[in-house]
Amino acid sequence: TKGQNMFRLNTKKAESSVSKRLPYITVVKVQRVLPDSIKITVKENKVDYAFKNGESYVLATGMKVVDNSDTVPDGAVVVSCRIKSCKLGEDIVLDDVSTLEKIRDAISESKIKNITAIDCSDATKVTLTYDDRLLLELGTVENAAKKLKTAIQIIATVDKDGARPAEGIIRL
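Please read these numbers as outputs of a predicted model, since none were measured by experiment.

### Digging into the overall build of the protein chain
The secondary structure content of the protein chain amounts to three helices and 12 strands. Here the C-alpha radius of gyration of the protein chain, 21 Å, is well above what a compact globule of 172 residues would show, namely 16 Å. The dimensions of the protein chain, computed from C-alpha atoms along their principal axes, are 70 × 35 × 30 Å. A burial count over the protein chain gives 37% of its 172 residues as buried. Put simply, the protein chain shows about 10800 Å² of open surface, and 49% of that area lies on carbon and sulfur atoms. In the protein chain, the 28 positive side-chain charges and the 24 negative ones have mean positions that sit 8 Å from each other.

### What about the side chain of Ser69?
If you trace the backbone, Ser69 turns up in strand S5 (residues 65–69). Among the polar contacts listed, one links the side chain of Ser69 to the backbone nitrogen of Thr71, at a separation of 3.0 Å.

### Remarks on the pairing of strand S1 (residues 25–33)
Two elements, S1 and strand S2 (residues 37–44), share eight bridges in a ladder whose sense is antiparallel. By the bridge assignment for S2, Arg32 is matched with Ile38.

### Regarding the pattern of salt bridges
What the rule picks out here adds up to five salt bridges. Of the charged contacts, one joins Asp131 and Arg133 as a salt bridge, the two residues approaching to 2.9 Å between their closest N and O atoms. A salt bridge links Arg171 to Glu137; the shortest N-O distance between them is 3.0 Å. Taken together, the positions of Arg171 in strand S12 (residues 168–171) and Glu137 in strand S11 (residues 134–139) put the pair 34 residues apart, joining distant regions of the chain.

### Here's the deal with empty space enclosed by the protein
Unfilled space is identified by rolling a water-sized probe across the atoms. Per the counting criterion, the structure on display carries one cavity of 30 Å³ or more. Approximately 50 Å³ is the volume attributed to the largest cavity. Taken together, Cys81, Arg82, Leu94, Asp95, Asp96, Cys120 and Ser121 make up the full set of residues lining the largest cavity. A breakdown of the residues in the lining of the largest cavity according to their chemical character gives three nonpolar, one polar and three charged.

### As for the pairing of strand S6 (residues 77–80)
Alternating positions in S6 separate cleanly, Val77 and Val79 being buried on one face and Val78 and Ser80 remaining unburied on the opposite face. In this sheet, strand S9 (residues 115–119) lies alongside S6 in parallel orientation, the contact comprising three bridges. Note that in S9 the partner of Val79 across the bridge is Ile118.

### Some points on helix H2 (residues 97–110)
Across its 14 residues, H2 extends 20 Å between first and last C-alpha, which sits within 8% of the 20 Å expected from 1.5 Å per residue. Of the positions making up H2, those classed as buried are Thr99, Leu100, Ile103, Ala106, Ile107 and Ser110. Here the buried residues of H2 occupy an arc of 125° about the axis, which is enough to place them on one side. Structural note: H2 exposes Asp105 and Ser108 on the side pointing more than 90 degrees away from its buried face. Two residues or fewer past H2, Lys111 is found with a positive phi of approximately 65°.

What counts as what
Residues numbered from 1 in each chain as written. Predicted model: local features only at pLDDT ≥ 70, side-chain atom pairs only at ≥ 80, totals over all residues. Heavy atoms only, no water. Helix = DSSP H or I, 4+ residues; strand = E, 2+ residues; numbered from the N terminus. Rg over C-alpha atoms; globule rule 2.2 N^0.38 Å. Buried < 20%, exposed > 50% of the residue type's maximum accessible area, 1.4 Å probe, protein only. Areas by Shrake-Rupley, 256 points an atom, 1.4 Å probe, with all protein chains shown as cover. Lys, Arg positive; Asp, Glu negative; His and termini not counted. Charge placed at Lys NZ, Arg CZ, Asp CG, Glu CD. Polar contact = N/O pair within 3.5 Å; in protein donor to acceptor, adjacent residues only side chain to side chain. Pairing = 2+ DSSP bridges. Salt bridge = Lys/Arg side-chain N within 4 Å of Asp/Glu carboxyl O. 1 Å grid on protein atoms, 1.4 Å probe; cavity = no way out; pocket = protein on both sides within 12 Å on 5 of 7 lines; lining within 4 Å. Points joined across faces, edges and corners; volume = space filled by probe spheres on them. Nonpolar A, V, L, I, M, F, W, Y, C, P; charged D, E, K, R; others polar. Expected span 1.5 Å × (residues − 1). Arc of directions from axis to C-beta.

Laid out in structure tokens, this is it:
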């Protein structure tokens, strides 16, 4: 606050206030710089997910809601699942967060790229969309990383044989 004594400034409270007011910010660091300045360092969140549940909720990596929008930003993965609550500046609350977490872990472990959509609205019929052209039907998330590694091998085989990339469904 203008005119406030910088030694009385609660830096943690200031960091929290900036973070809540600017949802696209993931890291905020407030520091005193003697003799007479305050340094504020911020890091912008990268939008990774757009949850579609009536409206599109654009989210950041840490599941923090950063925007309400009808459009999906480039590079964001569209996720279909049941949402309990979704408030700007706060983490999204899902009915079944464990399924999404297991899928995210499996994607990371398998090193599969180009996943453009995830549907975990039914934990027994989980699907992922690869490159907006192939539907990967996982069923349950049990052994999801192994299933995705198999999908990588199948995609590599199918794509190298033809000039046009394959489209369709791969049941894993």
